[in-house]
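# Coordinate inspection notes
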Amino acid sequence: MSTDISERRSALPLRDRKTPMLRIAVPNKGSLAETAAEMLAEAGYTGRRDSKDLHVIDPVNEVEFFYLRPKDIATYVGSGALDVGITGRDLLLDARMPGAREIERLGFAGSTFRFAAPTGTFTDVSELAGKRIATSYPGLVDAFLDERGIAVDLVPLDGAVESAVRLGVADAVADVVETGTTLRQAGLEVFGPEILRSEAVLIAGPSDVEGTERLLRRLRGVLVARQYVLVDYDLPADLVDDAVAIAGGIESPTISPLRDPAWVAVRVMVPRKSVNTTMDDLYAIGARAILVTAIDNARL
Ligand SMILES: Nc1ncnc2c1ncn2[C@@H]1O[C@H](COP(=O)(O)OP(=O)(O)OP(=O)(O)O)[C@@H](O)[C@H]1O
Ligand SMILES: O=P(O)(O)OC[C@H]1O[C@H](OP(=O)(O)OP(=O)(O)O)[C@H](O)[C@@H]1O
Ligand SMILES: [Mg+2]
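How each quantity is defined
- Residues numbered from 1 in each chain as written.
- Chains lettered and ligands numbered in written order.
- Predicted model: local features only at pLDDT ≥ 70, side-chain atom pairs only at ≥ 80, totals over all residues.
- Heavy atoms only, no water.
- UniProt positions renumbered as here; feature names shortened; annotations may be inferred.
- Near = heavy atom within 4 Å.
- Polar contact = N/O pair within 3.5 Å; in protein donor to acceptor, adjacent residues only side chain to side chain.
- Areas by Shrake-Rupley, 256 points an atom, 1.4 Å probe, with all protein chains shown as cover.
- 1 Å grid on protein atoms, 1.4 Å probe; cavity = no way out; pocket = protein on both sides within 12 Å on 5 of 7 lines; lining within 4 Å.
- Sits in = over half its atoms within 2 Å of the grid points.
- Helix = DSSP H or I, 4+ residues; strand = E, 2+ residues; numbered from the N terminus.
- Nonpolar A, V, L, I, M, F, W, Y, C, P; charged D, E, K, R; others polar.

As annotated in an unreviewed UniProt entry, the chain carries the name ATP phosphoribosyltransferase and is attributed to Microbacterium imperiale. Under the heading Function (unreviewed entry), UniProt records this for the chain: "Catalyzes the condensation of ATP and 5-phosphoribose 1-diphosphate to form N'-(5'-phosphoribosyl)-ATP (PR-ATP). Has a crucial role in the pathway because the rate of histidine biosynthesis seems to be controlled primarily by regulation of HisG enzymatic activity." In its Subcellular location (unreviewed entry) section, the UniProt entry covering the chain states "Cytoplasm".

## Some details on the site of ligand 2
Taken together, Gly159, Ala160, Glu162, Asp175, Val176, Val177, Glu178, Thr179, Gly180, Thr181 and Thr182 make up the full set of residues adjacent to ligand 2. Contact distances for ligand 2 include 2.9 Å between an oxygen atom and a backbone N or O atom of Ala160. Within the backbone of Glu178, one N or O atom sits 2.7 Å away from an oxygen atom of ligand 2. Contact with the protein chains hides 61% of the accessible area of ligand 2, taken as 480 Å² for the molecule alone. More than half of the atoms of ligand 2 fall within 2 Å of the grid points belonging to the largest pocket. Among the secondary structure elements, those contributing two or more residues to the shell around ligand 2 are strand S9 (172-177) and helix H7 (181-185). Counting residues per element, the shell around ligand 2 draws most heavily on S9, at 3 residues. Taken together, the residues of the shell around ligand 2 sort by class into 3 nonpolar, 5 polar and 3 charged.

Right, dumping it as structure tokens:
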């Protein structure tokens, strides 16, 4: 018999487990699917091997994955059928499921949700009263306009809504905008306020389910590893305060003695996107031998 605890645990029949597995909804296709799967893999979970798999059990980590359309995930989680899920904030709000709530931003699939129309047609959303608005997010658009007392004729479409104006089924559209390329190609321009700023999020249902915290900590670990790098450098000991003012780290930098008592070695976590500026600033005050290392994973 194996002496490895993880192997023995995975060999337990499902019905003999004390705690039920955490049931996680994951996008099966579309813009969110690939990065969501990568994040879960980096967090140590075993995902699907085949893009046709609908359900995967990861017994070692005590979770089950259900691969679903991102648009449906808030419905499953909000109703309590599944415990947590990865979806877009825009899809969560569009579903209008009171039981579903965002518990963590996941930092990918960032976009805005905007109204757009042929250049110069509209300047303000109030001008949309009585007009036809094409969208694949009718719940989101309806809620936004309802709050402002603007009654429109919603034209629900499944995708490629930017073509709806040119093809004569709508006067304006409300859709996801990332780079704006699709809008430009359709001869459309955004107008009015941002309806929403969206990104991929982790959502939970009406009750707190055991195991959610562990998933959350693991995903946060992946986010930290993606967003930060480790910076090591040598520094004259009397400049530590100046260096900490440049890069203070998460809690506080690690300072280690060097053989030469006039110098110290410093290790600090720095946001990846500003690491070059930080290195320039540290060099300018006298830091030397500045080395940058990627972080594989973290638990803060
Ligand atoms: N170009 C994009 N950039 C960033 N996020 C996007 C983009 N397109 C869609 N999304 C996000 O993806 C989610 C929608 O996923 P969904 O799979 O339903 O549609 P999709 O990605 O457009 O897929 P498809 O067009 O293949 O059906 C939303 O949260 C939306 O904000
Ligand atoms: O601002 P952009 O960078 O152009 O990205 C935004 C576009 O990307 C998505 O379309 P997708 O390709 O998923 O097609 P769809 O409209 O059929 O969903 C989204 O629905 C927008 O149309
Ligand atoms: Mg799309």
